Amino acid sequence: MATAGVVSVVGLAAFVLSGDSSGHRAMYSASLRESFSQRESPRTPAKERVVIVGDSLSTGHGTAPEDAWPSLINMDASLVMDRNLSVVNGAQDGAGYVSVGDGGGDFGSQTAAWVTSDTQVVLFFGSENDIGFDPNDVRHAAETAYAEAKTLAPQAELIVVGPPAYTDDPEPGLLEVRDQLKAAAVSAGTVFVDPIEEHWIVDDAADLLGADGDHPSLAGQHYLKDRMEQLLAASPGHDKPGL
């Protein structure tokens, strides 16, 4: 049988290379192309692009950029493989919806800079940096940022996370910022998550906050990573085709 197979291959080669063989060469080439195409690996699904808009709670301030919770999500092999996730961190120290950060931007400019048409989720986090600004200005800036995100990425899910408090008796200015952001999120039809109401960090502040008592420690960054992963997993769009 092996000898017969060799003879048939040699015969095919001789037939293809014989005098009037242009048509047979074309057929043979088409057959090879079909064979190789069947061996091609399947296309890699497009990454699920998640953009973080935030302040120093998301930059790793007090730890290191690679320890910031968005970076920790990117390094979570199981999550990245399961979701093909790509987290883009646009946060700046000192930024808020109205407050201008150290890099010269606010939440609105972060949105404009990082949200693209292929973004599937935009997660806003904060900001206590807006304490002291006119509440109406905070709400208007928030509404503008959410509208901009929807314009840039119409199919994206928006998640708005308000500023956390580290006490059961938050200062009135922080509560005012929280209330304005909640109103803006509701008006925009987006998800609003309230860390103050949910008591994020409060019950374990000694371990989850750094020496300044305001920014997350390494343990706090991992705490925020877990919280944010839960929000992303619950996002209505995370299981859309292609994500």
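Residues numbered from 1 in each chain as written. Predicted model: local features only at pLDDT ≥ 70, side-chain atom pairs only at ≥ 80, totals over all residues. Heavy atoms only, no water.

1. Here's the deal with the nonpolar core
Selection rule: Put simply, a nonpolar core is a bunch of buried Ala, Val, Leu, Ile, Met, Phe, Trp, Tyr and Cys residues held in one set by side-chain atoms that sit within 4.5 Å of each other. Classification of residues uses two cut-offs on accessible area relative to the type maximum, computed with a 1.4 Å probe and protein chains only: under 20% is buried, over 50% is exposed, and between them is partly exposed. Helix and strand assignments come from DSSP, with helices taken as H or I runs of at least 4 residues and strands as E runs of at least 2, each series counted from the N terminus. The contact definition used throughout considers only heavy atoms, calling two residues in contact when any of these lie within 4.5 Å.
Core analysis: the largest hydrophobic core is formed by 24 residues, its most contacted members being Tyr-97, Val-122, Phe-124, Tyr-146, Val-160 and Leu-181. For this core, the secondary structure elements donating two or more residues are strand S1 (48-54), strand S3 (119-125), helix H6 (135-152), strand S4 (157-161) and helix H7 (172-188). Here this core takes six residues from H6, the largest share from any one element. Setting aside chain neighbours within four positions, we find Tyr-146 in contact with Tyr-97, Phe-124, Leu-158, Val-160, Leu-181, Ala-184, Ala-185 and Ala-188. Core analysis: the next-biggest nonpolar cluster, separate from the first, contains 23 residues, Ile-52, Trp-69, Leu-208 and Leu-224 among them.

2. Focus: the environment of Leu-224
Relative to the assigned elements, Leu-224 resides in helix H9 (residues 218-234). The spatial distance from the C-alpha of Leu-224 to the C-alpha of Ser-58 is 9.0 Å, given a sequence separation of 166 residues. Excluding anything up to four places from it in sequence, Leu-224 contacts Leu-57, Trp-69, Phe-125, Trp-200 and Pro-216.

3. Here's the deal with the pattern of salt bridges
Quick note on the threshold: Note on definitions: salt bridges are taken to be side-chain nitrogens of Lys or Arg within 4 Å of carboxyl oxygens of Asp or Glu.
In total, this model carries seven salt bridges according to the counting rule given. For Lys-225, the salt bridge goes to Asp-76, with nearest N and O atoms at 3.1 Å. Taken together, the residues span a long stretch of sequence, with Lys-225 in helix H9 and Asp-76 in the loop between helix H3 (69-74) and helix H4 (77-83) at a distance of 149 residues. Pair check on accessibility: Lys-225 and Asp-76 agree, each one buried.

4. A look at a negative patch on the surface
Note the following rule: A patch consists of residues whose relative accessible area exceeds 30% and which take part in no salt bridge; residues with like charges are grouped when within 9 Å of each other, and nonpolar side chains (Val, Leu, Ile, Met, Phe, Trp, Tyr) when within 5 Å. Surface accessibility follows the Shrake-Rupley procedure with a 1.4 Å probe radius. Residue values consider only the protein chains on display as shielding. We score Asp and Glu as negative and Lys and Arg as positive, and we do not count His or the chain ends. Charged side chains are reduced to one point each, which is NZ for Lys, CZ for Arg, CG for Asp and CD for Glu.
Negative charge collects at one region of the surface, where Asp-168, Asp-169, Asp-203, Asp-204 and Asp-207 lie side by side. Note on placement: Asp-169 falls in the loop between S4 and H7.

5. What to know about the packing of H6 against H7
Put simply, the rule is: Working convention: axes come from line fits to C-alpha atoms, limited for helices to the stretch in contact. Angles between N-to-C directions cover 0 to 180 degrees. What makes a crossing left-handed is the near helix being turned counterclockwise from the far one by less than a right angle; a clockwise turn instead makes it right-handed. Three categories are distinguished: nonpolar for Ala, Val, Leu, Ile, Met, Phe, Trp, Tyr, Cys and Pro, charged for Asp, Glu, Lys and Arg, and polar for the others, with Gly belonging to the last.
Where H6 contacts H7, the axes come no closer than 9 Å and their chain directions differ by 35 degrees. Relative to H7, the crossing made by H6 is right-handed. In this structure, H6 contributes Pro-135, Val-138, Arg-139, Ala-142, Glu-143, Tyr-146 and Lys-150 to the contact, and H7 contributes Glu-176, Gln-180, Leu-181, Ala-183, Ala-184, Ala-185, Ser-187 and Ala-188. Here the contact of H6 with H7 is composed, by residue class, of nine nonpolar, two polar and four charged.

6. Some details on the pairing of S3
In the case of a regular strand, side chains alternate between the two sheet surfaces. The criterion, for reference: When DSSP finds at least two bridges between two strands, those strands are taken to pair. We call a crossover right-handed when, viewed with both strands directed away from the observer, the connection leading from the first strand over the helix to the second proceeds clockwise.
Across the seven residues of S3, seven count as buried, placing the element largely inside the fold. As defined by bridge partners, S3 adjoins S4 across five bridges and the pair is classed as parallel. When the bridges of S4 are listed, Val-122 appears paired with Leu-158. Handedness of the crossover joining S3 and S4 through H6: right-handed.

7. Thoughts on H7
Just so we agree on the cut-off: One less than the residue count of a helix, multiplied by 1.5 Å, gives the span that helix is expected to have. What the arc describes is the spread of directions from the helix axis to the C-beta atoms.
The end-to-end C-alpha separation of H7 is 24 Å, in line with the 24 Å expected for 17 residues at 1.5 Å each. The complete set of buried residues in H7 reads Leu-174, Val-177, Arg-178, Gln-180, Leu-181, Ala-184 and Ala-185. Down the axis of H7, the smallest arc covering the buried residues is 165 degrees, so these residues share one side. Residues of H7 that are exposed and point over 90 degrees away from its buried face: Pro-172, Val-186 and Ser-187.

8. Considering unusual backbone geometry
Residue Ser-127 follows Gly-126 across a cis peptide bond; omega there is 15 degrees. Tracing the sequence through the fold places Ser-127 in the loop between S3 and H6. At Ile-201, a position not held by glycine, the phi torsion is positive, near 70 degrees. As for its position among the elements, Ile-201 is in the loop between strand S5 (191-193) and helix H8 (205-208).

9. Digging into the packing of aromatic side chains
Under the convention used in this document: Aromatic pairing here means that ring centres of Phe, Tyr or Trp (its six-membered ring) are within 6.5 Å. Orientation follows from the plane angle: under 30 degrees is stacked, over 60 is edge-to-face, and everything else is tilted.
Counted by the stated rule, this structure contains six aromatic pairs. Judged by centre distance (6.3 Å) and plane angle (20 degrees), the ring pair of Tyr-97 and Phe-124 falls under stacked. Placement of the pair is Tyr-97 in the loop between strand S2 (85-89) and helix H5 (107-114) and Phe-124 in strand S3, with a sequence separation of 27 residues. The pair Tyr-97 / Phe-124 is uniform in exposure class, with both members buried.

10. Description of the pairing of S4
A large share of S4 lies buried, amounting to four of its five residues. Of the strand pairs in this sheet, S4 and S5 are connected by three bridges, and their pairing is parallel. For Val-160, the partnering residue across the bridge sits in S5 and is Phe-192. At this point the chain moves from S4, through H7, to the parallel S5, and the crossover so formed is right-handed.

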